[in-house]
Structures are given as structure tokens and as C-alpha cells.
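Structural description and commentary
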Amino acid sequence: MTKTRSRRLVEGGLIDRARPLSFLFDGRRFEGFAGDTLASALLAGGQTLFGRSFKYHRPRGLVSAGSEEPNALVELRTGARREPNTKATGVELYDGLIAESQNRWPSLSFDLMAAASLAAPFLPAGFYYKTFMWPAAFWEKVYEPAIRRAAGLGRASGLPDPDAYEKSHAFCDLLVIGAGPAGLMAALAAARSGARVILCEEDFRLGGRLLADRVEVDGRPGRIWAEAAEAELRGLANVTVMARTAVVAVTDGGDYAALERVADHLPAPLPWQPRQRLWKIVARRCVLAAGAIERPIGFGGNDRPGVMQASAVRAYLNRFAVAPAERMSVFTTTDDGWTTAADLYESGVEVDAVIDPRPDVADAVRGLGEQTGAQILLQAEVCGVGGSAGARTLQVLSDGRITSIATGGLAVSGGWNPNIGLAAHLGQRPVWSDCLSAFVCATLPLGMTAVGAAAGEFSLDRALSMGLAAGAAAALAAGFASTAVDAPRADDSLVEIKPFWRVSRPRGKVFVDLQNDVTDADVALAAQEGFQALEHLKRYTTLGMATDQGKTGALLGQALMAELTGQAMSELGAPIARPPQVPVAIGALAGIHRGRDFRPTRRTASHEWAEARGAAFTETGQWLRAQWFPRAGETDWLQSVSREVGAVRSAVGFTDVSTFGKIDLQGPDAGAFLDRVYINTFSTLAVGKARYGVMLREDGFVLDDGTTSRLGPEHFLMTTTTVNAAKVMQHLEFCHQVLWPDLDLQMASVSEQWAQYAIAGPSARAVLAGLVDQGFDLSNEAFPYMSAGELTVLGGMRARLFRVSFSGELAYELAAPARAAEAVVNALIEQGAPFGITPYGSEALGVMRVEKGHAAGPELNGQTTAADLGLGRMMSKKKDCIGRVMAGRSALVDPARPALAGFKPVDPSQRIRAGAHFLPLGAEPVAAHDQGHMTSTVFSPTLNQWIGLGLIERGPTRHGERVRAYDPVRRGDVEVEICDPIFVDPEGSRLRG
């Protein structure tokens, strides 16, 4: 055999020999070509050892040429971009690539940790459940450190990921998963009808098995037909071809998750590029054309380097122009395996033997083997493989005798498993087909059709026909008339198979899961100890828990369990595949939501105005809110806050309340809907009025509170607390979509569409009069407390006005389009200047709400009921609502429950703190004496002392009683008096003025 670079064939393949590429593996320089994978380039350079197994550190070589590879895991790149556990078979080669082997020390070829294999008799399946239990003192100092050192394969960089990730959405009539012959044909058929088609292919090149096999389609080489099909698809405006994109999950409603490797074939993404993009694809129909995966056979030494899938051998020969070895043998139970022998021979590789356990094969199949000059052994088995560094000799059982055959590698074909993991993501279990000796789809997710090898049809001619029919049917279902076209013709493939799982007389260890070192003995032990159910077998032995998720060896393990327990494969069943279908970087799942972007900061429309005036900001939920506005000469925050509170109480102030959640509800049933989600009634609310409401969770505890205004007969506007805005919106949507879909209404969050400002204080009406256009009466008679209406301000600008008060003063909330925020703020400053208007922040607002006894976030902590907060009488007895029944549980109506009360120190000079616990005077500070806790505390400039709100047992009935506010963390122990939670203007005369 003639080679240019070690095992590189002189001609052939789909690599670009005009574009040589240089790369490093374990510090050694290799050469490859554009179109190579890291695996094919290393193999061409003579590298046969790719990794070490997890438990025993046994030497491992390539098994496959695709994403099902269990052995060839490498660390890719260096520094912060180092990525462990990357499958070399899926890494597209680029110039300057740096890769290292992993799970070895000090080197791949000389791994001292391989001594672990000597302990194999003491490390059977499930040993980790039975050991490390005694002595208990050893766990923290001996066992846990040792386990942590041994865990894992590759090493994460430990540095912040420098790359960006994106998320995007796409919509189509037909999603085709897989660009092999069946997938290409399905995409062509649908696209020619005018349907919108998205074709996703995990590989960087389209064609599937047409790239690896020497087949013809319509009289042309398969790869040429694939190139023509791709060119046609890319030339159609209604088709999106997405190479380097793996569909990784199927979810409800025709949604599919797909991972696009945007820049993984480059040393680093370009400045404007994400590394990867996670797609949500919404498709009316889907064609699953993911092909099939060749399975192994159990025999001694089947894990040695040089033992490969027969189909992978053809891929390296025909696609990458690489001979896996100078001489090879074939062990096959399928006709397809004999095709590998023929391809080896035609590529110049010496074929030593073709071993087939079947008693006879078709003449056409035998002819493939005879033309190679190989020794042909029927009714024979490979019992073992010898060779310290790889497959060098075979022990073959034939005619009752075991003989040795010298070779350089072994291609194994044990049959095919349809790649149907995606079809099971919604819970559909595959069923066993005796005809195919494999699991196939019995039912598919709604809208999905399986074609080709994924449907158990291994004939190329039939795969093309199935693809055509599925694509045409999908287009027709989407409303497009199908175009009459004949399917291309291809010779029928050799697909005959005899199920054969394990040889009768193995020589050496028989491996089932190569990455996790699960052997047939481990499966036998699991059966013996009662772990016979597949889910138990998986967890007891770790079978199928490697990075290939059992794609290569899981079925072999199941077959061995069926044999050991005397069950049919159909009785044993198959486990459910779970997403993702292939490994996905955590960064891709997070997208841009990392660091500060994990929860993006939201800024109000007047943020820059507040920033320019020196405001101190705080995070409230996702928003940045101004806390206070310091002035020259003020030495601390308390001075600023007290000044702002005093200005509101004596004159006028304004604050930005745009962060409150704002939900617009419209429709004939909007009032009835609100009745069901609030404890009080809203359907009777008059147009132009607002009402305070409390919302419960299903368990009877308070979810949120706020005001809802009726702007029209079928138009309501709800406000929520800042922190709970998203939670309330989610709750309302659930109630409408799931609980009461028959109600006729629509809702939308408008929190960011409207900027909203509270203008509060005795002069609030006078200031507002300068903004409101003529014709709108702000008098107390025309627009009393709890009124709401739409109007215009500043000469025709649409706005909304609400007569509500969180401060306890005469107050209004003015809402204007967010784009007009700066104009509104400037107008407030201008009109309010004669009245001494003062901007105030969230701290001053908090002081005033405590002075008025308003419950807020610290009291709405998910553990309080409406009755706890003194709002129990609001609950209507004339209607039902969410949480009503559960709120009536005996524990929740117990009079001894902690309930809202006010607190002030007996010594007005003392400070009280939120979080302090209430104890009886003189009682020992132990949990048994705990009566509740302080939820909110503020310094009240109005009362010139610290005050607070809290939850204490029988709070409303204990006004005037004294207790201890005990705070051991901050060394506080203050005697406080329980009082009414409304400290200022309990009659409410100010807010109604």
C-alpha cells in the first residue's frame, strides 16, 4: 500500500490536499488536510492510542467516526478555552489546533494509573455502594479526597469562559434531522413544493453514509449526488441548511432544541461571532433521518486499540483517505461487514481474514470476501484479541478448535441500532423488532416521521423512497401541493443480519461499555444481585452513563441481561433516552445570561436623569432604583432620607415607581377572571376607579398585592410589586391557559412601556395641575381617592392618572409613555419648583410605607396569609378564588399565629433592627420562647425615633404590651412596645385631602 503521510492513502477521500494543516497532539506535531477530523488526521499520522478508560486506565483507540465515539476524548485548546472530553471524531481540523490526551499520568503511552487494572477483582460493579462505609472517620480525610482525585476524565480550565454564546429561534413547515440520503431526499421533496424547510446536520459536511460508502445513486457516486442535492437546497430561498448543527432535544408542541457549532472549527471565534448558538426550532412537521449506529460484539479483548466499527473503517478509508492499519481482519454477523472487507482490499489494505458466525452467506456476499484473497471462516468466532499496544493477533474458534491469526486491526460489525434517541424524549419507549434485531420506534412524537436507517430501513434504495414520501407528505400537511417526482434509484444494500451478542468461549475480558469499563462479568453480577431491571442495571454498573450515553454498548449489555435472566428482549424493554442527544456545553445552555447578564439589569426611563443628580442606586428585583438623592453637606444616607421624607410630609415630592409590575387585561371576562385570582371582588369595580387587592397562591398564602384600575368596561390595569411582577404574570397566564381557558380575555405585561411617577404631599394637586391639560378636573370631588382615568398632559401627550397613595399623603401616580419620561420629569421639576418639590428614592418611600403600616416585600415573604397581614376581612364570602379553601386550614386561622403589628422602642433613643426575634420579658432566649420576628424597621423623622413592623403571636390583640426584640447576631436586646402598625395619620385624612 502506498502512503504519503504514514497511513494516508495516495488518492481518494473528500479531503482538500491543496490545504495542508498543522496541529499538535500531546506536544507532537502532526499534519492533516482541510476536511479531516482530528481523529482522521491523527490516525493518518500513525496514532492508534487515543485515550485511557475511566476505571482501569486501559489503552483505548478509535471505535467510530462519529459522535457515538466512547474512547477518543481529548482536551482541546489551551488556557481559558480549554475544553475537556471533546470527541476527536467530531472535531473539525483547523490549522494550529492544540489537543491533549486525558485521564493519564505521566503520559498517554506510559500511564502509571493503569496499575488500577490490578485491582479489578476488588472493583466489581456496585463496589462504590458497598465500600467507603467504614470506618466513618475515614470518609472526610481519606475516602472523599481519593474519590475526588479519581473522578472525571478531562480537566476544566477553571478560568472564566472568554467566548460568547447565543440563543435564537427559527420557524419552519418541516424540520429534517440528518442530511444522509433519506434526509436530503425528504428536504428536497418538501422544498420543491414551496414549504419552508430547515435541514440540520451534525457533521460539517452533508451526505451521511454517502460520504463513507462506495455506492451509486442514479448512476453517480453517492457523494456526487449528495453535493448536487445540497447545491439545490442552498439555492432555494425557502430552505435553511444548517451544517455543524445537532438537534439535541425534542420538547412539547413541535419544539426542537438544536446546537449550532458556529466557531468550533476555528482557533477562536471572530470578534463578532459566538462560539455556539442554541436554537429553538418550531416546526409543523419533522422528519427524523438520524441514521443508525453500528453495534459491537462481545469477545475477549474487544476494547484493544485497532478494534473498530466496520462502518467506521469504511469512513476513514473512503471519506478521509486513511487506512486504519496496513492489514486488517473483519469479524461480522452482517452482510454489510463484508463490504468493509472489499473496501479495505480496494484501498490497498491487506485483508487477513473474514470471520462470520453464520453458517452460510449469499454468493454475492461471499464473492466480496473471496476477491480480497482473505481467509474466509464461517461458523467461526473471534474469541480474543492479542497485542499489548493494539490488535495484533486473533484467537478464532472454528470447527471446535481455537487458532491464531496474525493481523493489524479488526473491523467489527454486529448489526445496526436505529438512532432513535430523539424520538423517545417525550416518553415514547421503543419496541423490539425480531426482524431487525434492534429497537425501533413504535410511536413517535406528534408530527414526527422516521425514515431510512432511523426507521430500521437499511436499504439505500428504500431510504431514498421513504425520504421522498415523508417530505412530500409533510409539505402536503402544511398546505403545499407536492410535486410529482420519482425517487432516485440505487442498488439494494446488503443488509442481512444474524443477531449475535457474545462469543461462546471468550479469551480475556469482554467489555460492554468501553468508557466506563463495564464488562460482561459486571452485568452478570448485577443479575445475580437482583439489579435486573434496565434502569437498575444502568445505575448499578454505570452501563450507558458515559459521554456516548450508551449509543455503542448499551444494547449489548441489555442483550446479556436478557440472556442471563431468560427473558426475551421485548420483555426486558429499553430505557428512555433523555436529552441532550449529544453533549452540550453549559455555556450554550446559559447563552448570554452569564455574569451581570445572568439577570440583566433593567433601568427605568429616567435613570440617566437620576444618575446625573447623584442618586445612589440599589437593585430591586431586576431593576436599578434610586435609593436617595444626597445633597451637599449631608454626611450620611439617613440625613438624605429624612430630608426627603420631611419634604413629602410638609410640601411635595416625587419618585419613580415605573418598576412596579403593570399588566394590561382586556376582554369580556376580565372582571370575572380578576375575581378568581384576587380575594376581593373586582367585577363590580366602576370604570374610573382603582381598588387594592390581595392575591393568594394555591396553598392559601399571599402571593402579591397591588392596585387594579378599571379604565373601561372590559379594560383593567393591574399593578404588582416590583419583585413579583414576573411571578404574577406567570401565575395569571397559568390560570388562564390551564385553569380557565374558556374565559374570554387577553393580557400583556406593559411594565416597560409606561414610565410612572408618584407625586405625593400636601401640594401634589397644585404641582400636577401644571402638567395636566385643560379640561381635566383634579378636584377632590371630581377625582377623589382611588380614582383612575386616562387623560393628556403637556399639550396632548397621552397619559394615565391614578389617585393612590403608598406614602399616606395626598398622592397621584402619573403614567406616561416611556419615551416621554425625561419630558415628564423635567416638567415636574419646573412646575414643582415654587412648591419646593423634592425627588425622593426608595428608602424614603420605605420609611413612609412603614409609618403607614403598609405590608411590603419583607411581610409578603411567602409565609403569611391575608389574615396575618390584617387583610382577612377583604376576602369576599360571595365568591371563590384561588387559595380560598387552603387559607381556611385550621393552622392558618389559628388566632395564635404571628400577625402584623407595629413596634417602637420603649426608650426612643434606641435602635431596633429587622430580623430581631420577639421574646417575653425576662424569658430565656431559646427557640421555645420565640413569638415572632421584626420584618421591617426604619427611622421615622416624623416621630423622631426608630419604628418597625413585625409578625408576632396574636399581634392585633396585644397593643400596649411590651416584649424583647432580641438580636444576638448584632448584639441587640431592646425592649419594645407592641402598637398599631399605622404610626402616622391613622384616620387617613391626609391621603383623602
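Everything numeric here is computed off the predicted structure, so don't read it as measured data.

**Brief notes about the overall build of the chain**
When helices and strands are tallied, the chain shows 22 helices and 50 strands. If one aligns the C-alpha atoms of the chain with their principal axes, the spans along those axes are about 105 × 75 × 55 Å. Sorting the 993 residues of the chain into buried and exposed places 56% on the buried side. Pairs at least 24 apart in sequence give 66% of the contacts found in the chain among residues at least 6 apart. Approximately 41,100 Å² of the chain is accessible, and the part contributed by carbon and sulfur atoms is 53%. Across the chain, the centroid of the 101 positively charged side chains sits 3 Å from that of the 109 negatively charged ones.

**Observations regarding the pattern of salt bridges**
Side chains carrying opposite charge are able to pair once their charged atoms draw close together. Counted by the stated rule, this structure contains 50 salt bridges. Note that Asp461 and Arg489 form a salt bridge whose closest N and O atoms lie 3.1 Å from each other. Of this pair, Asp461 sits in helix H9 (residues 460-477) while Arg489 sits in the loop between H9 and strand E29 (511-513), and the two are 28 residues apart along the sequence. The closest approach of N and O atoms between Glu975 and Arg962, which form a salt bridge, is 3.5 Å. One end of the pair, Glu975, is in strand E50 (residues 972-979); the other, Arg962, is in strand E49 (residues 962-967), with 13 residues separating them in the sequence. Using a relative accessible area of 32% as the deciding quantity, one classes Glu975 as partly exposed. It is possible to trace a salt-bridge network through shared partners that takes in Arg58, Arg60, Asp303 and Asp517.

**Focus on a nonpolar patch on the surface**
A cluster of nonpolar side chains, Trp105, Phe110, Leu112 and Met113, forms an exposed patch at the surface whose accessible area comes to about 440 Å². Tracing the sequence through the fold places Phe110 in the loop between strand E7 (98-101) and helix H2 (127-130).

**Re the packing of helix H10 (residues 520-528) against helix H12 (residues 554-565)**
Describing two packed helices takes the angle between their axes plus the distance from one axis to the other. The interhelical angle for the contact between H10 and H12, taken along N-to-C directions, is 45 degrees, at an axis separation of 10 Å. Taken together, the axes of H10 and H12 lie oblique to each other. When you trace H10 past H12, the crossing you get is right-handed. Facing H10, whose interface residues are Asp520, Val523, Ala524, Ala526 and Ala527, H12 presents Gly557, Leu560, Met561 and Leu564. Of the residues belonging to the contact of H10 with H12, the class tally is seven nonpolar, one polar and one charged.

**Focus on helix H17 (residues 670-677)**
Burial within H17 is extensive, with six of its eight residues counted as buried. Those residues of H17 not exposed but buried are Ala670, Gly671, Phe673, Leu674, Asp675 and Val677. Buried residues along H17 sit in contact with strand E35 (661-666), strand E36 (690-696), strand E37 (702-712), strand E38 (715-720), helix H18 (725-739) and strand E39 (746-749).

**A closer look at the side chain of Arg8**
Checked against the element boundaries, Arg8 lands in the segment before strand E1 (16-25). A distance of 2.5 Å separates the side chain of Arg8 from the side chain of Asp36, its partner in a polar contact. A polar contact of 2.7 Å, which involves the side chain of Arg8, links it to the backbone oxygen of Phe320.

**A word on the packing of aromatic side chains**
Within this structure, the stated rule accounts for 16 aromatic pairs. Ring geometry for Phe331 versus Phe500: centroids 6.4 Å apart, planes at 75 degrees, classification edge-to-face. With Phe331 in strand E18 (residues 327-332) and Phe500 in the loop between H9 and E29, this residue pair connects regions lying 169 residues apart in the sequence. Accessibility assignment for this pair places Phe331 and Phe500 in one class, buried.

**Some points on the sheet that holds E7**
Sheet strands pair by backbone hydrogen bonding; their relative direction is either parallel or antiparallel. Taken in spatial order, the five strands of this open sheet run E2-E1-E7-E5-E6, and their pairing is mixed. Looking at which strands have only one partner, the edges of the open sheet turn out to be strand E2 (28-34) and strand E6 (83-87). Neighbour-to-neighbour, the strand axes of the sheet open up by a mean angle of 40 degrees, direction not taken into account. Both E1 and E7 contribute to a ladder of two bridges, which runs parallel. In the strand pairing of E7, Leu24 is matched with Ile98.

**Section: the sheet that holds strand E23 (residues 401-406)**
The antiparallel open sheet is built from three strands, whose spatial order is E21-E22-E23. Of all the strands in the sheet, the pair left with one neighbour each is strand E21 (380-386) and E23. Ignoring which end each strand starts from, the neighbouring axes of this sheet average 30 degrees apart. Pairing geometry for strand E22 (residues 393-398) and E23, over six bridges, is antiparallel. Its bridge partner being in E23, Ser398 is matched across the sheet by Arg401.

**Section: the environment of Ala686**
Structurally, Ala686 can be placed in the loop between H17 and E36. For the pair Ala686 and Thr245, spaced 441 residues apart in the sequence, the C-alpha separation amounts to 56 Å.

**A closer look at the nonpolar core**
Residues Phe23, Leu38, Leu62, Leu97, Tyr316 and Leu344 are the most contacted members of the largest nonpolar core, which totals 53 residues. Among the elements that take part in this core, helix H1 (residues 38-44) stands out by supplying six residues, more than any other. Contact partners of Leu38, with chain neighbours within four places excluded, come to Phe23, Val74, Leu76, Ala88, Val91, Leu93, Leu97 and Ala99. By size, the runner-up hydrophobic cluster in this structure holds 38 residues, among which are Val197, Val217, Trp225 and Leu233.

**Thoughts on the pairing of strand E45 (residues 898-905)**
Across the eight residues of E45, six count as buried, placing the element largely inside the fold. When E45 meets strand E48 (residues 945-953), the two strands line up antiparallel, connected through six bridges. Residue pairing for E48: Ala901 is matched across the bridge by Gly950. Sheet analysis places E45 next to E50, joined by four bridges and oriented antiparallel. Bridging from a neighbouring strand, Pro905 pairs with Val976 of E50.

**Side note on helix H6 (residues 310-318)**
Think of an α-helix as 3.6 residues a turn; residues three or four steps apart then line up on the same face. Of all nine residues in H6, nine are buried; the element is thus mostly enclosed. Among the residues of H6, Ala310, Ser311, Ala312, Val313, Arg314, Ala315, Tyr316, Leu317 and Asn318 are the ones counted as buried.

**A look at the environment of Lys852**
Tracing the sequence through the fold places Lys852 in the loop between helix H21 (842-851) and helix H22 (884-887). Since its relative accessible area comes to 7%, Lys852 is described here as buried. The spatial distance from the C-alpha of Lys852 to the C-alpha of Gly808 is 6.1 Å, given a sequence separation of 44 residues. Setting aside chain neighbours within four positions, we find Lys852 in contact with Arg649, Ser807, Gly808, Pro981, Ile982, Val984, Asp985, Gly988 and Leu991.

**Some remarks on the environment of Gly530**
Here Gly530 shows up in the loop between H10 and helix H11 (534-541). Along the primary structure Gly530 and Leu62 are separated by 468 residues, whereas in three dimensions their C-alpha atoms are 34 Å apart.

**Observations regarding unusual backbone geometry**
At the junction of Trp105 and Pro106, the peptide bond is cis and its omega measures out at 5 degrees in the coordinates. With respect to the element layout, Pro106 can be found in the loop between E7 and H2. The linkage connecting Pro579 with the following residue, Pro580, adopts the cis geometry, with an omega of 0 degrees. By the secondary structure assignment, Pro580 is in the loop between helix H13 (569-572) and helix H14 (586-590). For Asp399, which is not glycine, the phi torsion reads 55 degrees and is therefore positive. Along the polypeptide, Asp399 turns up in the loop between E22 and E23. One non-glycine residue, Leu794, adopts positive backbone phi at about 55 degrees. Following the sequence through the fold, Leu794 ends up in the loop between strand E41 (788-793) and strand E42 (797-802).

**What to know about the side chain of Lys662**
Note that Lys662 resides in strand E35. Within the structure, the side chain of Lys662 is placed 3.2 Å from the backbone oxygen of Phe660, a separation counted as a polar contact. Non-local contacts of Lys662, meaning those with residues more than four positions away in its chain, are made with Val657, Met718, Ala748, Ser749, Val750, Ser751, Trp754 and Gln756.

**Structural notes on the pairing of E6**
The sheet contact formed by strand E5 (residues 73-76) and E6 spans three bridges and is antiparallel. Bridge pairing in E6 links Leu76 to Glu83. As consecutive antiparallel partners, E5 and E6 are separated by six residues, and within that stretch Arg77 has a phi angle of approximately 65 degrees, a positive value.

What counts and how
Residues numbered from 1 in each chain as written. Predicted model: local features only at pLDDT ≥ 70, side-chain atom pairs only at ≥ 80, totals over all residues. Heavy atoms only, no water. Helix = DSSP H or I, 4+ residues; strand = E, 2+ residues; numbered from the N terminus. Buried < 20%, exposed > 50% of the residue type's maximum accessible area, 1.4 Å probe, protein only. Contact = heavy atoms within 4.5 Å. Areas by Shrake-Rupley, 256 points an atom, 1.4 Å probe, with all protein chains shown as cover. Lys, Arg positive; Asp, Glu negative; His and termini not counted. Charge placed at Lys NZ, Arg CZ, Asp CG, Glu CD. Salt bridge = Lys/Arg side-chain N within 4 Å of Asp/Glu carboxyl O. Patch = residues over 30% accessible without salt bridge, like charges linked within 9 Å, V, L, I, M, F, W, Y side chains within 5 Å. Axes fitted to C-alpha atoms, helices over the stretch in contact; angles between N-to-C directions. Parallel < 35°, antiparallel > 145°, perpendicular 65-115°, else oblique. Left-handed = near helix turned anticlockwise from the far one by under 90°. Nonpolar A, V, L, I, M, F, W, Y, C, P; charged D, E, K, R; others polar. Polar contact = N/O pair within 3.5 Å; in protein donor to acceptor, adjacent residues only side chain to side chain. Phe/Tyr/Trp six-rings, centres within 6.5 Å; stacked < 30°, edge-to-face > 60°. Pairing = 2+ DSSP bridges. Core = buried A, V, L, I, M, F, W, Y, C linked by side-chain atoms within 4.5 Å.

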